[in-house]
Amino acid sequence: MTRLITVTGATGALGGRVARLLAPAAADHDATVRLVVRDASRAPRLPGTAVVAQPGGYADEAGMTEALAGTHTLFLVSAAEAADRTEQHLAAVRAAVAAGVERIVYTSFLGSEAGATFTLTATHAATEEALGDTGLRTTVLRNSMYADFVPFFATPTDDRGAVIAAPAGDGAASFVSRDDAAEVAAAVLLRDHPSTDGRVLDVTGPEALTLADAAAVLAEVTGRDVRYEAQTVEQAWATRRPSGAPDWEVEGWVTSYTAIAAGEMAVVSDVVRSFTGHPALTVREHLQRHPEDWATLRTGSPA
Ligand SMILES: NC(=O)c1ccc[n+]([C@@H]2O[C@H](COP(=O)([O-])OP(=O)(O)OC[C@H]3O[C@@H](n4cnc5c(N)ncnc54)[C@H](OP(=O)(O)O)[C@@H]3O)[C@@H](O)[C@H]2O)c1
């Protein structure tokens, strides 16, 4: 029987990539694809792929239940950071159960366990637990920090320079390209194999880089003078507080770096290679492939 794979987050970077990978391949795997998005006008237009608008997003449990009707496999992309993100995710999981979904593939974050330093992983830990409680077939993709974001860590200082100022000490992170994370997700979604049921997969880059290493790679690729400056936690709060973001969000930013310092982001796995058949992109390779990621750094205009 033809399976319906429903993809959320397809107006975003990761879900959009997954949708573009699934669309041409689904038929060969006896599957069809539906994109459930908040704004249909921003959904990718892909041959043979249906788009369902669900403006209320995950928080709208009844709307999600309706939008997921007939779904065999759900790709549940974690929501934008929000104070109530956990409740939004739990509503989406309940909607999937109510809609009769058989299998859920969820994008979590590396090290999302009780006691993790990075505070925003609490949502993922709670969602992973809720998924386990459903009794459905589930696969958790714990993506490492995106390599795509490395340029955004750097603040231009003048025409030539930029600094990554963060409380990451000498810790390292196994940055993964969203291209690779999307390929892994698409492979897991298409294969529909019991071997991925109940699995928690760490989706990482091929190596762990310190932020000093990352700054050196950024300097080499962009031609700018990029350096890393280790901050104290107090300095990190002081430089980020003026953004006006709420404390929970600033704490999330700061602890994403202290998690690196604590060694919690350094896990390197072979998941990308084993699911895609090719090695994971290094940060250097990712930046060379995606010059648009560092365009603002190149011109020196603040992001
Ligand atoms: N591993 C990492 O380093 C890292 C870094 C940042 C974020 N993340 C997480 O990974 C997710 C996917 O990454 P990405 O790069 O694709 O992010 P992105 O480009 O911001 O896309 C997020 C997608 O999720 C949708 N979405 C957000 N909140 C939603 C909600 N409450 N209900 C329904 N849909 C919602 C967005 O829809 P709209 O277009 O309608 O907003 C968009 O399609 C992020 O949402 C975030 O949870 C991971």
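Keep in mind the model is a prediction, meaning the values are calculated, not measured.

Novice: Could you give an account of the pairing of strand S6 (residues 137-143), naming the residues involved and the relevant values?
Specialist: Of all 7 residues in S6, 6 are buried; the element is thus mostly enclosed. Sheet topology places strand S5 (residues 103-109) next to S6; 7 bridges connect them, and they run parallel. Counterpart to threonine 107 in the pairing with S6 is leucine 141. A crossover links S5 with its parallel partner S6, the connecting element being helix H4 (residues 121-134), and its sense is right-handed.

Novice: Any details on the sheet that holds S6? Residues and values, ideally.
Specialist: If you walk across this open sheet you meet the 7 strands as S3-S2-S1-S4-S5-S6-S10, and the pairing is parallel. The sheet terminates laterally at strand S3 (49-53) and strand S10 (199-203), the two strands that pair on one side only. Pairwise comparison of adjacent strand axes, ignoring direction, gives a mean angle of 20° for this sheet. Note that strand S1 (residues 3-8) and strand S2 (residues 31-37) share 6 bridges and pair parallel. Counted as the bridge partner of isoleucine 5 is valine 33 from S2. The sheet contacts of helix H1 (residues 13-25) involve S1, S2, S3, strand S4 (73-76), S5 and S6, and relative to S1 the element is tilted by about 155°.

Novice: Give a detailed account of the UniProt feature "domain: NmrA-like" (unreviewed entry) in the chain, specifying residues and quantitative values.
Specialist: As recorded in UniProt, the sites labelled "domain: NmrA-like" (unreviewed entry) are residues 2-234. Taken end to end, residues 2-234 has its terminal C-alpha atoms 55 Å apart, with 35% of it in helix and 26% in strand.

Novice: Tell me about the environment of arginine 34, residues and numbers included.
Specialist: Mapped onto the fold, arginine 34 is located in strand S2. For the pair arginine 34 and aspartate 192, spaced 158 residues apart in sequence, the C-alpha to C-alpha distance is 16 Å. Contacts of arginine 34, omitting those with residues within four sequence positions, involve Leu4, Ile5, Thr6, Val7, Ala50, Val52, Ala67, Leu68, Ala69 and Thr71.

Novice: Any chance you could break down the packing of helix H8 (residues 233-240) against helix H9 (residues 247-261) for me, citing the residues and the numbers?
Specialist: The N-to-C vectors of H8 and H9 enclose an angle of 135°; their axes lie 10 Å apart at closest approach. Between H8 and H9, the interaxial angle falls into the category oblique. When the axes of H8 and H9 are compared, the crossing they make is right-handed. When H8 is examined against H9, the residues Val233, Ala236, Trp237 and Arg240 are found in contact with a partner set consisting of Asp247, Val250, Glu251, Trp253, Val254, Tyr257 and Thr258. For the contact of H8 with H9, the class distribution of residues is 7 nonpolar, 1 polar and 3 charged.

Novice: Run through the packing of helix H3 (residues 85-99) against H4, naming residues and quoting values.
Specialist: Packed helix pairs are characterised by how far apart their axes lie and by the angle those axes make with each other. Running from N to C, H3 and H4 point in directions that differ by 20°, and their axes come no closer than 9 Å. Considered as vectors, H3 and H4 are oriented roughly parallel to each other. Note on packing geometry: the crossing formed by H3 with H4 is right-handed. Where H3 abuts H4, its residues Arg85, Thr86, His89, Leu90, Val93 and Val97 lie against Thr123, His124, Ala126, Thr127, Ala130, Leu131 and Thr134.

Novice: Report on the domain arrangement of the chain, specifying residues and quantitative values.
Specialist: Entries for the chain in the domain assignment read domain 1 (3-143 + 177-203) and domain 2 (149-171 + 206-267 + 281-297). Each side of the interface is counted separately: domain 1 has 16 residues, and domain 2 has 18 residues. Interface of domain 1 and domain 2: buried area, both sides summed, is about 1,400 Å²; carbon and sulfur atoms make up 58% of it. Across the contact surface, domain 1 and domain 2 share 1 salt bridge. Applying the counting rule to domain 1 against domain 2 returns 6 residue pairs in polar contact (both at pLDDT 80 or more). Tallying contributions element by element places helix H6 (residues 178-191) first for the side of domain 1 that touches domain 2, with 3 residues.

Novice: So what about the sheet that holds strand S7 (residues 154-156)? Which residues, and what values?
Specialist: Judged by pairing direction, the sheet is mixed, and its 3 strands sit side by side in the order S7-S8-S12 without closing on themselves. Pairing within the sheet leaves two strands with one partner each, and these edge strands are S7 and strand S12 (225-230). In this sheet, adjacent strand axes meet at a mean angle of 30° when their direction is disregarded. Note that strand S8 (residues 161-166) and S12 share 6 bridges and pair parallel. The residue of S12 that forms the bridge with glycine 161 is aspartate 225. Running over the sheet, helix H7 (residues 211-222) touches S7, S8 and S12 and is turned about 170° from S12.

What counts as what
- Residues numbered from 1 in each chain as written.
- Predicted model: local features only at pLDDT ≥ 70, side-chain atom pairs only at ≥ 80, totals over all residues.
- Heavy atoms only, no water.
- Buried < 20%, exposed > 50% of the residue type's maximum accessible area, 1.4 Å probe, protein only.
- Helix = DSSP H or I, 4+ residues; strand = E, 2+ residues; numbered from the N terminus.
- Pairing = 2+ DSSP bridges.
- Right-handed = clockwise from strand over helix to strand, strands pointing away.
- Axes fitted to C-alpha atoms, helices over the stretch in contact; angles between N-to-C directions.
- Contact = heavy atoms within 4.5 Å.
- UniProt positions renumbered as here; feature names shortened; annotations may be inferred.
- Parallel < 35°, antiparallel > 145°, perpendicular 65-115°, else oblique.
- Left-handed = near helix turned anticlockwise from the far one by under 90°.
- Nonpolar A, V, L, I, M, F, W, Y, C, P; charged D, E, K, R; others polar.
- Domains from an automatic or database assignment.
- Buried area = accessible area lost by both parts, 1.4 Å probe.
- Salt bridge = Lys/Arg side-chain N within 4 Å of Asp/Glu carboxyl O.
- Polar contact = N/O pair within 3.5 Å; in protein donor to acceptor, adjacent residues only side chain to side chain.

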